[in-house]
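Remarks on the overall topology
The primary structure of each chain is shown beneath.
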Amino acid sequence: MLLADPFVVRLLVDKIEKIVRADIMKNKSVPSGNPLLPSLLQLLNIAKISTQLCAMKGKRLAIPDAGLKEILMEGEDRSLPYETLRNFLPLFSKLLLDVDLDKRIALGGDLYDAAAQSLLAPSDVMDAEWNGASSLQDLRVIVEGAFIHLMQPGNTNEVALQNQFPRFVNALDKLSDDNMIHEKPFFISLSHALLRYKTKLPHSTRDLVTNVMIKWLRLSKDSNESCLCSALHECFMRLLNEWASLGNAVLSRDLFLSLSEQAIAAADKQGDEQKSALFVSLWIKNDAQFALVKEQYLRMLTSTPEKTAESWKEKLGLSDEKVDAMDTSS
């Protein structure tokens, strides 16, 4: 029961990241040689299945392997704990090393002069590095935690982030099999980290975040309806509303409305200029699964001047006349 608590999972993830940063990277060692990491990963894997075990009232015994040896469980053709510990956790260490290097070669860093003379350069995004990692849910949680840590104020700078951000996105794309739309705890944590900047959030950082969230909506392999009702769609609109409440310093009203249209088009796999009949249908039916997303759109319209809001609704096919006509026909 204790391991099913999300707070316990957060403690495990934080401890794993601290060990990688403080011990593995500092001592230039491999993760499997650390005395604590295998056990922590084992606990993380137990936590992953704790909810199912609790639902079964303890009628099943399942203890994942620590990953020190490649031991195949019955019916499996891969040892996921072994792959996490031996193959991909070293890659995660490299990801963190690249983050530190990016900060050091940026303006103000101790290696800036060397980078200016082309003696050092930021690492490229290696798309194939994370291939085969889509089943490693434990590692995805660890990478998400490191990403949130990176995005908090003071942990990076605007220049370095241009190189760091794509590497994390590439890793999460591979770890999630291009399906990030249901990662609500991650998106809530990301939003909290970004909102700590208040009005000082760089526009380049804002654009990195909004572009990738819209990309994740479009890439999802779930149904269009599931994408429109997803946690990602809700959290994206909630984040835009919070930014808009800070005034034009972070997000102008025109850009806010434009990004909302792009999110709808991406979720429904439409072109940016195409209307989403599915979005209109969910809106009018007051679908329960769509309620949280609709709440954020209503919040947007409430804070928008009336004429501008009516123009946006007309463009999306949500004018009062059309809504009343569809209500009558249904």
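To be clear, the structure that these remarks concern was listed above.
Residues numbered from 1 in each chain as written. Predicted model: local features only at pLDDT ≥ 70, side-chain atom pairs only at ≥ 80, totals over all residues. Heavy atoms only, no water.

Turning our attention to the overall build of the protein. Scanning the protein from N- to C-terminus turns up 15 helices and zero strands. A total of 330 residues make up the protein; the buried ones form 45% of that total. For the protein, the proportion of contacts with a sequence separation of at least 24, taken over those separated by at least 6, is 70%. As displayed, the protein has an accessible area near 16,800 Å², and 54% of this comes from carbon and sulfur atoms. (Helix = DSSP H or I, 4+ residues; strand = E, 2+ residues; numbered from the N terminus. Buried < 20%, exposed > 50% of the residue type's maximum accessible area, 1.4 Å probe, protein only. Contact = heavy atoms within 4.5 Å. Areas by Shrake-Rupley, 256 points an atom, 1.4 Å probe, with all protein chains shown as cover.)

The next point concerns helix α11 (residues 253–267). Taking 1.5 Å per residue, 15 residues should reach 21 Å; α11 reaches 21 Å between its end C-alpha atoms and fits that length. The element α11 is largely enclosed, with a buried count of eleven among its 15 residues. When we look at burial in α11, the residues that qualify are Arg253, Phe256, Leu257, Leu259, Ser260, Glu261, Ala263, Ile264, Ala265, Ala266 and Ala267. Next to the buried residues of α11 lie α8 (203–219), α9 (224–228), α10 (231–244), α12 (277–285), α13 (291–302) and α14 (306–316). Directly after α11, the chain includes Lys269, whose backbone phi takes a positive value near 55°. (Expected span 1.5 Å × (residues − 1).)

Now for the pattern of salt bridges. Taken as a whole, this structure holds 13 salt bridges when the rule is applied. Residues Lys94 and Asp98 are paired through a salt bridge, measuring 3.1 Å at the closest nitrogen-oxygen approach. Of this pair, Lys94 and Asp98 are both found in helix α3 (residues 80–105), four residues apart, which corresponds to roughly one turn of the helix. On the basis of relative accessible area, Lys94 is assigned to the partly exposed category, the value being 33%. Of the charged contacts in the structure, one is a salt bridge between Lys94 and Glu129, with a shortest N-O distance of 3.7 Å. Taken together, the residues span a long stretch of sequence, with Lys94 in helix α3 and Glu129 in the loop between α4 (112–116) and α5 (137–151) at a distance of 35 residues. (Salt bridge = Lys/Arg side-chain N within 4 Å of Asp/Glu carboxyl O.)

Inspection of the secondary structure assignment puts Glu295 in helix α13. For Glu295, a relative accessible area of 44% translates into the label partly exposed. Distance from Glu295 to Arg238, taken between C-alpha atoms, is 9.1 Å for residues 57 residues apart in sequence.

Turning our eyes to something else, we now look at α13. Here α13 is twelve residues long and its end C-alpha atoms lie 16 Å apart, about the 16 Å a rise of 1.5 Å per residue gives. Looking only at α13, the buried set comprises Val293, Lys294, Gln296, Tyr297, Met300 and Leu301. Buried positions in α13, seen along its axis, are confined to an arc of 155° and lie on one side of it. Next to the buried residues of α13 lie α9, α10, α11, α12 and α14. (Arc of directions from axis to C-beta.)

Ranked by size, the top nonpolar core spans 88 residues in total, and within it Phe92, Trp130, Leu139, Tyr297 and Trp312 carry the most contacts. Excluding anything up to four places from it in sequence, Leu139 contacts Thr84, Phe88, Leu89, Phe92, Trp130 and Leu175. (Core = buried A, V, L, I, M, F, W, Y, C linked by side-chain atoms within 4.5 Å.)

Before going further, it helps to spend a moment on unusual backbone geometry. Not every positive phi belongs to a glycine, and Asp177 is a case in point at roughly 55°. When you line up the elements, Asp177 lands in the loop between α6 (158–176) and α7 (184–195). Even without a glycine there, the phi angle at Asn286 is positive, about 55°. Within the secondary structure, Asn286 is located in the loop between α12 and α13.

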